[in-house]
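Descriptive structure summary
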Amino acid sequence: MVVIKLNGIVQGIGFRPFVYRLARELNISGYVFNSSSGLEIKVRGTKEDLHEFLHRLQTEYPPAARIENIAISETAEDFDLQDFIIRTSKKDSGVTLVSPDLAVCSDCLRELLDSSDKRFAYPFINCTNCGPRYSIISDLPYDRSLTSMKDFNLCDYCLDEYQDPLNRRFHAQPVACPRCGPHLSLMNNNYSHVSGNPLTRAIELLQTGKILGIKGIGGFHIACDPCNQDTIIELRRRKSRPHKPFAVMCHPQLVSDLALVNEEQIKLLSSAAAPILILPQVTPFPLSPLVAPDSPNIGIIFPYAPLHYQLLSSGLKYLIMTSGNRSDEPVAKNEQDLGNLCDYYLSNDRPILNRSDDSVILPAHRHNIMVRRSRGYVPYPFRITKIATPILGCGAQLKLTFALAEKENLFLSPYIGNADSKQTFDFYIETLEKYKHWFKIEPQLTACDMQPDFMSTRFAEESGLPLVKVQHHHAHIAAVMAEHLIREPVLGIAYDGTGLGTDGAIWGGEIMLAEKGEFHRLYHLDYMPLPGGDSAIRYPIRTAFSYLHTAGIDYELFLLDTMTRKLLSRQLATNFNVFRTSSMGRLFDCISAILGLYPEITFEAQSAIALESICGNAYLAEMKPYEYAIKENLIDIKPMLQDIIKEKQRGISKESISRKFHKTVIDFTVTAVDLASDRTGVKKVVLCGGVMQNRILLNNLTALLEKKNYHVYLPREIPVNDGSIAAGQVYVASFQ
Ligand code: ZN
Ligand code: ZN
Ligand code: FE
């Protein structure tokens, strides 16, 4: 007989019924069962039939499955079965992977809309190909009794389907129908029940400009009408979020009314992971400009829960669907967690056990950049080069994640949060404990950032385990090395906001040689003074003042008041609370403020995004850059500042200056990489860090470097921003 062992995501997504049907069709006898490490199949048949069986097994498997590994062996053993059966699960010592939550499939969607179906208009419809997974698990193995469905007893109708190997709902753990499953409810902001049909009432409320908390798969959304200006103003006021763009959910058929989108992007939007994609807006933009003020882009997400399709009824074509959380807190799982943000709540009685936000992807030239990796992707692990001891990477502070790794698996947590609040810390610990338990990993070594004030650093220090402190930008580069299984030396370009350097300065414009868990800083932006650290980040105009002052340029920033100017001058003269920085993010802030874009920002990278968006689709290749100098290991941008001010005074447009600035950054980066490569002989180049979300920079750098025969590596599913730090920490620590 032939023994086939599969691992990856092969449980809870209809793999056994698929094998069953295939084997029966081909007259192959034997059996299939779930083991703790995956799926095992034992079969007997003619050579031709087995050949076809193996081929189709690997090509026609269910859409939500992911095969990591398949081992096929022949043994002399035999069994006395004449047909093919599904046997009960066997426990062994291996680790089962948990499927991410899956967007509703087309079969369920059809039934949802079919008035003759038992689950017609039932918002919790699902099957083995779709539905919640990660969000409903309390423990493993993945079995209904260990999910948030345990208190919903299957009715006879559902049970029949659940037990029928030929049914699409065979062993679909969250299977439910209106008779036995969860139900919607509508509440006002005092959490009292509102009568009437919850769905129709909710749609009416949204249409009349109300703000609703909507319980989804991985957490709550806050929803409202993206055409209603007053409602958006009110939502922005309640969320204390004056400018940061909101994502919009729209029916797949209407996406081209909102955004410029290609086939491949539609496929990604419609995938089981159903991420938010940041796409260019169409002009004129049919929604309120307050959805994404001053932005040429729009975050689009397709409906992924059956309820979303029901909400997007004829009267409501689009919905703002923003993460349901109070500022500085993780996404809410209960309506009570949302404070006074909503007028009403469309909720239900299926608890959310494991929270995850919507994932966010930024499509770039030939690559997609992961901005936030959460729902639809977690808790699927990354395959890494085998490590000797289990390691915990504790992450950074913004875009906080942790990474838990053992042997060849690295589990990167969902996006935890952006701040140092108690709720964020609790969510971090809660998720970490679950991951350790589910995936049976007890870390023997921890790794953290060098920044002593981070909550993640303090946590690592208190863990009592041997600790490796990893420089922030080294971690950015190492994360990409981990994802691409790179063991050889690389040249790393880490362009980022801030991260503490080994010399106590704030780094972020770094070109380094990274090798075997170590790095050598080869080139970096020459240090500039940053008065007041965090306050300079909040007020880019202060960075601009400081940079111009240091470059000896006499230029009046008209958006800076006299008082602040005097204060900053004194601060720079006395060097009180002034940090030295090589940050690329701050350089973008500085130029943006010189051009008068944002003297003050209300969300991270706001001014850098504005600087990128005014470039348009410029062709930079032929353009001449501004002056700069590379001396020893320093990139001196002061000559560029001189040039920019001169052009500004000559009345050159901000669009043109921004383009030429981008060109200059690209130019000195490639020059520095050439010099670094000459010195080291290394031709592999890794790009990472928050600034790499700038697509003009990323696309042009990638294209130019590849033209010069460098092998360019970008993060694929590892986030490009600080969401990558934890994975990089694990990589570096693995060399200890
Ligand atoms: Zn389905
Ligand atoms: Zn039922
Ligand atoms: Fe960073």
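Rules and cut-offs
Counting from 1, residues in each chain are numbered in the order their sequence is written. Each chain is given a letter, starting from A, and each ligand a number, starting from 1, according to the order in which they appear as written. pLDDT decides what is reported in this predicted model: residues at 70 or higher carry local features, side-chain atom pairs at 80 or more are listed and counted, and totals for whole chains, interfaces and linings draw on all residues regardless. Only hydrogens and water are set aside; all other atoms, that is, all heavy atoms of the structure, feed into the side-chain values. As used in this record, nonpolar core signifies buried Ala, Val, Leu, Ile, Met, Phe, Trp, Tyr and Cys residues forming a set joined through side-chain atoms within 4.5 Å. Each residue is assigned to one of three classes by its accessible area relative to the maximum for its type, calculated with a 1.4 Å probe on protein chains only: buried under 20%, partly exposed between the two thresholds, exposed over 50%. Helix and strand definitions here come from DSSP, where helices need a minimum of 4 consecutive H or I residues and strands a minimum of 2 consecutive E residues; each element is numbered from the N-terminal end. Any pair of residues with heavy atoms lying within 4.5 Å of one another is described as a contacting pair. At least two bridges found by DSSP between two strands is the condition for calling them paired. In this analysis an axis means a line fitted to C-alpha atoms, helices contributing only their contacting stretch, and an angle means the value between N-to-C directions, from 0 to 180 degrees. Classification of ring pairs uses Phe, Tyr and Trp, with its six-membered ring standing for Trp, and accepts pairs whose centres are within 6.5 Å; under 30 degrees between planes counts as stacked, over 60 as edge-to-face, and the remaining range as tilted. Each metal site lists N, O and S donors within 2.8 Å (3.2 Å for Na, K and Ca). With water left out of the atoms, a site can look as if it is missing ligands. Under the classification used here, a metal with four donors is tetrahedral if each angle lies between 85 and 135 degrees, square planar if opposite donors are over 155 degrees apart and the others between 65 and 115, a six-donor metal meeting that same test is octahedral, and anything else is irregular. In what follows, roughly perpendicular refers to angles from 65 to 115 degrees, roughly parallel to angles under 35, roughly antiparallel to angles over 145, and oblique to any angle outside these ranges. Each crossing gets its handedness from the near helix: less than a right angle anticlockwise from the far helix is left-handed, clockwise is right-handed. Domain segmentation is taken from an automatic or database assignment of domains. Expected span of a helix, by definition, is 1.5 Å for each gap between consecutive residues, and there is one gap fewer than residues. A carboxyl oxygen of Asp or Glu within 4 Å of a side-chain nitrogen of Lys or Arg is what we treat as a salt bridge.

Right, let's talk about the nonpolar core for a bit. By size, the foremost hydrophobic cluster in this structure holds 202 residues, and its most contacted members are I41, F53, L57 and L641. In terms of residue count, the dominant contributor to this core is helix α18 (residues 654-680) (nine residues). Leave out the neighbours within four places in its chain, and F53 touches I4, V19, L22, A23, L26, I28, I41 and V43. Counting residues in hydrophobic clusters, the runner-up holds 34 residues, among them M187, L269, L277 and I300.

Here we take up the sheet that holds strand β18 (residues 403-406). Reading across the sheet, the six strands line up as β16-β19-β18-β17-β20-β21 and stay open at both edges, with mixed pairing between neighbours. Unpaired on one side and paired on the other, β16 (382-383) and β21 (467-470) mark the two borders of the sheet. Pairing of strand β20 (residues 445-449) with β21, which is carried by four bridges, proceeds in the parallel orientation. By the bridge assignment for β21, C448 is matched with K469. Docked against the sheet, helix α10 (residues 455-462) engages β17 (391-393), β20 and β21, running at close to 155 degrees with respect to β20.

Let us look at the packing of aromatic side chains. Following the criterion strictly, the structure yields 21 aromatic pairs and no others. Aromatic side chains Y191 and Y345 sit 5.5 Å apart centroid to centroid with 25 degrees between the ring planes, which places their arrangement in the stacked category. Residue Y191 is found in the loop between β6 (184-188) and α5 (198-207), and its partner Y345 is found in strand β13 (residues 344-348); the two are separated by 154 residues along the sequence. The class of Y191 is partly exposed, set by a relative accessible area of 29%. The class of Y345 is buried, set by a relative accessible area of 0%. Between Y628 and F668 the ring centres are 5.6 Å apart and the planes differ by 70 degrees, which places this aromatic pair in the edge-to-face class. Placement of Y628 in the loop between α16 (606-613) and β27 (629-631) and of F668 in helix α18 is noted, with a sequence separation of 40 residues between them.

Turning our attention to the coordination of the zinc ion (ligand 1). Each protein donor to the zinc ion (ligand 1) is listed here as C105 (SG), C108 (SG), C127 (SG) and C130 (SG); together their distances run 2.3 to 2.4 Å. Considering all four donor atoms around the zinc ion (ligand 1), the spread of angles at the metal, 103 to 119 degrees, places the coordination shape in the tetrahedral class. Donor residues for the zinc ion (ligand 1) sit on one chain with the sequence pattern C-x2-C-x18-C-x2-C. Taken individually, C127 and C130 each receive the classification buried, so the pair is uniform in this respect.

Packing of helix α11 (residues 472-483) against helix α20 (residues 725-733) brings their axes to within 7 Å, and their N-to-C directions diverge by 80 degrees. The angle between α11 and α20 places the two elements in the roughly perpendicular class. Along its contact with α11, which presents H472, H474, A475, H476, A478, A479, M481 and A482, the element α20 presents I725, A727, G728, Q729, Y731 and V732.

Quick look at the packing of helix α9 (residues 422-438) against α10 now. Look at α9 against α10: their axes get within 11 Å of each other, and the N-to-C directions meet at 50 degrees. With respect to their mutual orientation, α9 and α10 come out oblique. Between α9 and α10 the crossing geometry is right-handed. Residue-level inspection shows F425, Y428, I429 and L432 of α9 in contact with α10, the latter providing M455, S456 and F459.

Taken together, C155 (SG), C158 (SG), C177 (SG) and C180 (SG) make up the full set of protein donors to the zinc ion (ligand 2), lying 2.2 to 2.3 Å away. For the zinc ion (ligand 2), the single-chain donor residues occur in sequence as C-x2-C-x18-C-x2-C. Take C158: its relative accessible area is 0%, and that puts it in the buried class.

Segmenting the protein chain into domains produces domain 1 (2-86), domain 2 (184-361), domain 3 (370-488 + 719-733) and domain 4 (522-713). Averaged C-alpha coordinates put domain 1 and domain 3 at centres separated by 35 Å.

Turning to α11, a few remarks are in order. Compared with the 16 Å implied by 1.5 Å per residue over 12 residues, the 17 Å span of α11 between its first and last C-alpha is a close match. In terms of burial, α11 is a largely internal element, 12 of the 12 residues being buried. Turning to α11, its buried residues are H472, H473, H474, A475, H476, I477, A478, A479, V480, M481, A482 and E483. Two residues or fewer after α11 comes L485, characterised by a positive phi angle close to 55 degrees.

Quick look at the pattern of salt bridges now. Throughout the structure, instances matching the rule amount to 38 salt bridges. One salt bridge in this structure joins R24 and D83, with 3.6 Å as the shortest N-O distance. Residue R24 is found in helix α1 (residues 15-25), and its partner D83 is found in the loop between β4 (66-74) and β5 (84-86); the two are separated by 59 residues along the sequence. The exposure class of R24 is partly exposed, given its relative accessible area of 38%. The salt bridge involving E433 is made with K436; its shortest N-O contact spans 3.5 Å. With E433 and K436 both in helix α9 and three residues apart, this pair spans about one turn of that helix. Here E433 falls in the partly exposed class, since its relative accessible area comes to 42%. The buried category is assigned to K436, whose relative accessible area is 17%. What emerges from the salt-bridge pattern is a single network uniting D107, R110, E111, R119, E161, R168 and R169.

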